Each structure stands twice: as C-alpha cells, then as structure tokens.
Amino acid sequence: MVVKATAPAGRGLRLQPFQWCRLIKAEGGWRLSRSRYLSGLMLCMLLLFVAVLGFHRQTTVATLPAEHTGLASVLPGRLEGVPVEGLDDLRFLVEAFPAHQPLQLLTNQGAGAVELLPVPAHQQDYLAITLISGLIFWGMAALVFLPRYHQTSVPLFFWITMLYGVAILVGGVYGQVGWAQWGTLLSFMQLACLATLPVVFLHLGLSFPHRWPLTRGYGALVVFLYCLAGILILWQARSYLGYFQNPGPEAYAALGFPHQVTDLWMVIQAVAGFALLVARERVLGPCIERQQVRWLLLGFVLGASPYLFFRTVPQLLSQSPPFPAYLDRIFEPAIPLAFVFAIIKYRFLDYDIILRRGLLYSILAALVLLLTLLPVTVITGNEAARWPFLQKWL
C-alpha cells in the first residue's frame with residue numbers, strides 16, 4: 001500500500017502532523033504504533049540526558065599528578081578531614097574534588113601537612129574521542145534500531161548499542177563525599193550498564209539470527225541471568241552508597257569484592273557470547289546469515305576486546321593494563337561500523353529505507369540533541385567555559 005499526500009494545484013505539499021510517520025510506516029520500516037515509538041524516543045532522550053551529564057562529569061573529574069606517587073610513604077592520613085590509608089583510596093577520594101583546587105593532606109607519619117593540587121583526569125583528545133564514540137552508539141540505537149524494534153533480535157541490538165553508548169559517556173564510577181548528588185545517579189547508571197550488557201550480549205548469541213533448536217528451552221536461564229545481573233547491580237550500589245555516605249578506608253575496601261565479581265561476571269559472559277556466535281557462524285554454513293554473524297562477531301571482538309581482555313582481565317589479576325584508556329575508545333566504534341557494514345552489504349536491515357530517511361533522521365537527531373543539551377546547560381552552567389576542549393568547535 002502506498003500513502004499519497006495530495007495538495008491543491010498551485011500549492012506546496014502539505015503534511016498533517018505525524019504524516020511522515022504514516023508515510024514511513026507505509027514503506028514497511030515501522031510497525032510500531034505512534035505512541036510506542038514516541039515513548040521509545042522519550043526513553044532515548046532521557047538516557048541521552050543522563051549520559052551527557054555523565055560526560056560533563058568526566059570533563060571535571062580530577063586525579064593526582066604523576067609527581068605525587070611518592071605519597072604512599074607518608075600514608076595513612078586525612079584528606080580534607082576524610083581518613084585515607086593507601087594511594088588507591090587517596091586517588092578515589094581526590095575524584096570528589098574539582099581539579100586545580102588545593103587540598104590538604106594531614107599525614108600520620110610526622111610529615112605534617114602536604115598540599116595537593118589535583119589535575120584533570122582526562123585529556124581533551126580523550127574527551128573528544130569519548131564524546132564521538134558515545135554519540136555514535138546512541139545514534140545507532142535511537143535512529144536505526146528503535147524504529148525496527150519489532151523485528152527479530154533488533155531489541156537486543158538496540159539495548160547493546162544504547163547501554164554501550166551510555167556507559168562510554170558516563171565513563172565510570174568516581175569518588176564523591178555525600179550521596180545526595182547527581183554523581184550517585186550517574187554511578188548507579190554505570191553499574192547497571194556494565195552488569196546488564198554481558199547478559200544482553202549472551203542473549204543475542206542465543207537468538208541471532210534466529211533461535212537454535214537446542215536453546216529454545218533456555219528462556220528460564222536467560223531470565224535467571226537478568227535477575228542475577230540485577231542482584232549484582234544492587235550489591236555494588238549498596239557498597240558505593242556506603243562509601244559516599246561515610247568515606248574511609250573500610251568503606252573503600254568494601255568496594256573491591258563486588259567490583260571484582262562483576263568484572264569476572266562480565267568477562268565470562270562476554271566469552272560465552274563470543275563462543276555462541278562462533279558456533280552459530282560454523283553451523284549456518286555458506287549463506288547470507290553466516291556473513292551477517294561473521295561481521296557482527298568481528299565488530300564485537302575488535303570493539304570490546306581492548307576493554308575486556310587488556311583492561312578488565314589485568315585488573316582482575318592485580319596487574320596494570322598494558323595500554324592507556326583511550327585505546328578502548330578508539331576501537332569501540334568498530335561495533336557500530338560492523339553493524340553498518342552488515343546492514344549495507346548483507347541486508348541485515350533494509351538500508352534503502354534508511355538512506356531515504358537520512359534527512360529526516362538527521363533533523364530528528366539534531367532536535368533530540370538540542371532538547372537534551374538545554375537542560376544540561378541549565379544544570380551545569382556555562383558549558384563552553386566548563387568544557388575547554390569544545391571551545392574550538394563552538
């Protein structure tokens with residue numbers, strides 16, 4: 001069926017409100033009702049709002065300068081009245097204060113007071129790469145996968161790209177003093193993303209491009225894994241909330257075990273998801289679905305391996321990561337790029353419709369970003385002054 005929009009002679013084409021939605025639906029791309037699609041878009045805007053707040057926090061988080069690594073010899077002590085015992089919990093506590101704000105460390109080793117001057121934790125180039133990478137993931141979820149949420153496995157791709165993008169923009173869980181702050185919400189959002197993502201990925205391995213006959217009865221296992229992820233989120237949230245309310249060496253030590261368990265959970269499920277996709281690629285044989293799985297697997301391996309195997313695994317073994325953090329951000333866009341390649345070359349989704357709606361999607365993305373940045377600007381103040389690396393682009 002073709003929807004035609006007619007207009008009287010001599011006048012331009014007039015479309016009633018939401019006529020574009022009806023036109024796109026007639027092309028076969030959307031089967032979501034108008035209300036459900038708008039609800040999904042509002043959810044995407046809310047998550048983008050939280051993610052941009054998290055990115056703003058990344059631009060202001062502080063750390064100890066390299067020349068202060070010798071402070072371990074004068075610890076334990078008290079930083080601005082808060083007890084610290086080792087260099088690790090000192091670094092975590094410093095994140096609660098703005099960069100370039102002088103801090104006083106009173107030591108218990110007879111060294112008296114030591115003045116610290118925290119520096120920004122992230123360089124401007126790293127922040128630029130992080131912003132671009134996170135917005136690519138968000139745009140893929142909101143503008144490509146959301147309109148096709150009804151199709152097989154597309155909801156899983158939507159949540160993988162959305163949660164990944166939010167986790168990139170939020171960046172991590174940073175130290176703070178007091179729980180009644182925006183940072184508490186951002187920390188819990190980061191914990192939720194990192195605990196849920198591996199379950200969604202494993203679920204994708206069980207169901208893409210279609211369910212295996214051997215795994216059709218494993219729905220209860222998937223539900224159990226999601227429930228277990230929720231338990232891990234609450235466990236970590238409780239430990240971090242205890243630190244925010246009463247920071248100190250004991251509260252910091254209580255963060256270690258839940259964090260290690262969640263990291264191990266993430267690595268095990270990611271490896272299981274990779275194994276399922278590899279097995280699926282071998283079983284499918286020479287067909288277009290096999291090529292889709294192959295490219296998606298390649299994107300996940302290239303995009304997620306630096307964070308999983310070169311950062312998380314060494315930390316689980318109490319070793320320093322061999323590569324800097326910006327390497328994660330450079331490789332992460334391989335995931336949406338693999339999606340794009342699978343869409344265009346192997347018809348994972350109907351790219352003709354995507355290309356025809358390119359202008360509409362661009363306008364929609366610009367409006368969503370504008371509506372999201374306005375309240376963030378009100379909350380955080382003058383963004384051009386707080387985000388120096390953006391001044392040259394504004």
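As a reminder, the structure under discussion sits directly above these lines.
Cut-offs and rules
- Residues numbered from 1 in each chain as written.
- Predicted model: local features only at pLDDT ≥ 70, side-chain atom pairs only at ≥ 80, totals over all residues.
- Heavy atoms only, no water.
- Core = buried A, V, L, I, M, F, W, Y, C linked by side-chain atoms within 4.5 Å.
- Buried < 20%, exposed > 50% of the residue type's maximum accessible area, 1.4 Å probe, protein only.
- Helix = DSSP H or I, 4+ residues; strand = E, 2+ residues; numbered from the N terminus.
- Contact = heavy atoms within 4.5 Å.
- Pairing = 2+ DSSP bridges.
- Axes fitted to C-alpha atoms, helices over the stretch in contact; angles between N-to-C directions.
- Expected span 1.5 Å × (residues − 1).
- Salt bridge = Lys/Arg side-chain N within 4 Å of Asp/Glu carboxyl O.

Turning our attention to the nonpolar core. It is characteristic of soluble globular proteins that their nonpolar side chains tend to be buried jointly. Judged by nonpolar contacts, the single largest core of 59 residues is most densely connected at Phe145, Met162, Val166, Phe300 and Phe339. Breaking this core down by element, the ones donating at least two residues are α2 (34-60), α4 (124-145), α5 (154-170), α6 (182-207), α8 (249-284), α9 (288-316) and α11 (334-346). For this core, the leading source of residues is α5, giving 13 residues. Those residues in contact with Phe300 that lie beyond four places of it in its chain are Ile160, Phe201, Leu204, Phe274, Leu277, Ser305, Ile335 and Phe339. Of all hydrophobic cores here, the second largest spans 25 residues; its members include Leu79, Leu87, Phe244 and Leu255.

Note: strands within a sheet are paired through backbone hydrogen bonds, in either parallel or antiparallel orientation. Within the open sheet, the 4 strands sit side by side as β3-β2-β4-β5. Their pairing is antiparallel. Whereas interior strands pair on both sides, the edge strands pair on one side only; in this sheet they are β3 (82-84) and β5 (113-116). The mean inter-strand angle of the sheet, taken between neighbouring strand axes irrespective of direction, is 30 degrees. Examined bridge by bridge, strand β2 (residues 77-79) and β3 share 3 bridges and lie antiparallel to one another. The partner of Leu79 across the bridge, within β3, is Val82. Packing against the sheet, helix α3 (residues 87-94) makes contact with β2, β3, β4 (103-107) and β5, and its axis sits at approximately 145 degrees to β3.

As a further point, take the side chain of Arg148. As for its placement among the helices and strands, Arg148 is situated in the loop between α4 and α5. The class of Arg148 is buried, set by a relative accessible area of 2%.

Each full turn of the α-helix corresponds to 3.6 residues, which orients residues three or four apart in the same direction. The end-to-end C-alpha distance of helix α7 (residues 219-245), which contains 27 residues, comes to 39 Å, matching closely the 39 Å that a straight helix rising 1.5 Å per residue would cover. Residues of α7 that are buried include every one of Val222, Leu225, Ala229, Leu232, Ile233, Gln236, Ala237, Ser239, Tyr240, Tyr243 and Phe244, and no others. In this fold, the buried residues of α7 make contact with α3, α6 and α8.

Under the defined criterion, the tally for this structure stands at 3 salt bridges. Among the salt bridges present, the one from Glu332 reaches Arg329, with a minimum N-O distance of 2.8 Å. Judged by relative accessible area, Glu332 falls into the buried class, the value being 2%.

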